[in-house]
Amino acid sequence: MKTSDLLKPASREEAQLLEKLDPDRLPKHLAVIMDGNGRWAEKRHLPRIAGHRAGVKAAREVIETCARLHLRCLTLYAFSLENWRRPQAEVDFLMRLLREYLKRELPSIHKNNIRLLVIGRSEQLPEGVRKDIDEAMRVTARNTGMKLVVALNYGGRAELADAFNALLDHVRAHGLSAFHADEQTISDHLYTAGLPDPDLLIRTSGEMRVSNFLLWQIAYAEIYVTETLWPDFSRARLLEALVDFQSRERRYGGLGSGKGRAGSGGNGNPKRSGHPVRG
Ligand code: IPE
Ligand code: IPE
Ligand code: MG
């Protein structure tokens, strides 16, 4: 199978990139920090919210492309716990935009067999948003295609704190005096329990930081930072990132024999590569 069997190229550039892409070595889980909406708008002398609106279009294209390429999981960082520090009007707009997006796109998400999941402290979100995401998760719950994970009111440290507190509750509730948590126990208590760790983390707009995103899960993710601002992150830019990913050699602390090339074999978890790793 060729990637061009999965995806019809819309331009010569896309066709050339697809040609370079090995469909068997795509990331199982792609995580994206969608950054640069505000700067995109500023460059055009538009209000920041125009950048967020343009960002929705980019998100739609990335979601559709990843689903067609049969990625198992796509996680999009949509709103961080720290984003409440922005002006109230911008926060309100982002919440409205999300509800609008869900209302408009849910039928096509569902039709494409995509399962929608939300990670983050959703209980702190406005009621209307909570209602809409619950509905979207309910409608798509039995879909078996790509998992679209939206990180909403998400913080990596908060996720770890929530996991540790859930473990402590469990210990107290069962009166366990000798309890030992290993890496798997902690993974199983994160919002992302059951999902593979991201193989590839993309951040747009050139910032070289992770901004509290999936701190535990990106331990061995390949990181791709592009200067492209999120609203300009087209299908071709995504394919470019995937081609770059496939050129990486993933060594997981070993010496690399070529067998560890991105996407080959394992699932990004060194524990499952057959080598004894403690934990
Ligand atoms: C990312 O774009 C969207 C969210 C964080 C919600 P920004 O709004 O952070 O855009 P810049 O970084 O200010 O350009
Ligand atoms: C990260 O972007 C959060 C999202 C993309 C939702 P920010 O724009 O909030 O990150 P910082 O503030 O530049 O670190
Ligand atoms: Mg930003």
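Anyway, here's the lowdown on the structure attached to this text. What you see is a predicted model, and the numbers here were worked out from it, not measured in a lab.

### What about the overall build of the protein?
Thought 1: The secondary structure content of the protein amounts to nine helices and six strands.
Thought 2: The principal-axis extents of the C-alpha atoms in the protein amount to approximately 60 × 50 × 35 Å.
Thought 3: Split into buried and exposed, the 279 residues of the protein put 48% on the buried side.
Thought 4: Counting only contacts in the protein whose residues sit at least 6 apart along the sequence, the fraction spanning at least 24 positions is 73%.
Thought 5: Here the protein has roughly 14600 Å² of accessible surface; of this, 51% comes from carbon and sulfur atoms.
Thought 6: Charge separation in the protein, taken as the distance between the mean sites of 43 positive and 35 negative side-chain charges, equals 2 Å.

### Thoughts on unusual backbone geometry
Thought 1: Residue H70 is not a glycine yet carries a positive backbone phi of 65 degrees.
Thought 2: Tracing the backbone through its elements, the reader meets H70 in the loop between α4 (48-68) and β2 (73-80).
Thought 3: Although it is not a glycine, Y252 adopts a positive phi angle of roughly 50 degrees.
Thought 4: Take Y252: it is sitting in the segment after α9 (235-246).
Thought 5: Overall, the relative accessible area of 27% leaves Y252 in the partly exposed class.

### Some thoughts on the nonpolar core
Most often, soluble globular proteins have nonpolar side chains that are buried together.
Thought 1: Residues L30, L74, L148 and I202 are the most contacted members of the largest nonpolar core, which totals 55 residues.
Thought 2: With ten residues, the top contributor of residues to this core is helix α5 (residues 88-111).
Thought 3: Counting residues in hydrophobic clusters, the runner-up holds 15 residues, among them C73, Y77, V149 and L214.

### Focus on the site of ligand 1
Thought 1: Neighbouring ligand 1 are the residues M34, D35, G36, N37, G38, R39, R48, H52, A78, N83, R86 and L94.
Thought 2: Between ligand 1 and the protein, one listed contact pairs an oxygen atom with a side-chain N or O atom of D35 at 2.8 Å.
Thought 3: G36 places a polar main-chain atom, nitrogen or oxygen, 3.4 Å from an oxygen atom of ligand 1.
Thought 4: Elements with a minimum of two residues in the shell around ligand 1: α3 (37-43) and α4.
Thought 5: The element that contributes the greatest number of residues to the shell around ligand 1 is α3, accounting for three residues.
Thought 6: Here the shell around ligand 1 is built from residues that sort into three nonpolar, five polar and four charged.

About the criteria used
Residues numbered from 1 in each chain as written. Chains lettered and ligands numbered in written order. Predicted model: local features only at pLDDT ≥ 70, side-chain atom pairs only at ≥ 80, totals over all residues. Heavy atoms only, no water. Helix = DSSP H or I, 4+ residues; strand = E, 2+ residues; numbered from the N terminus. Buried < 20%, exposed > 50% of the residue type's maximum accessible area, 1.4 Å probe, protein only. Contact = heavy atoms within 4.5 Å. Areas by Shrake-Rupley, 256 points an atom, 1.4 Å probe, with all protein chains shown as cover. Lys, Arg positive; Asp, Glu negative; His and termini not counted. Charge placed at Lys NZ, Arg CZ, Asp CG, Glu CD. Core = buried A, V, L, I, M, F, W, Y, C linked by side-chain atoms within 4.5 Å. Near = heavy atom within 4 Å. Polar contact = N/O pair within 3.5 Å; in protein donor to acceptor, adjacent residues only side chain to side chain. Nonpolar A, V, L, I, M, F, W, Y, C, P; charged D, E, K, R; others polar.

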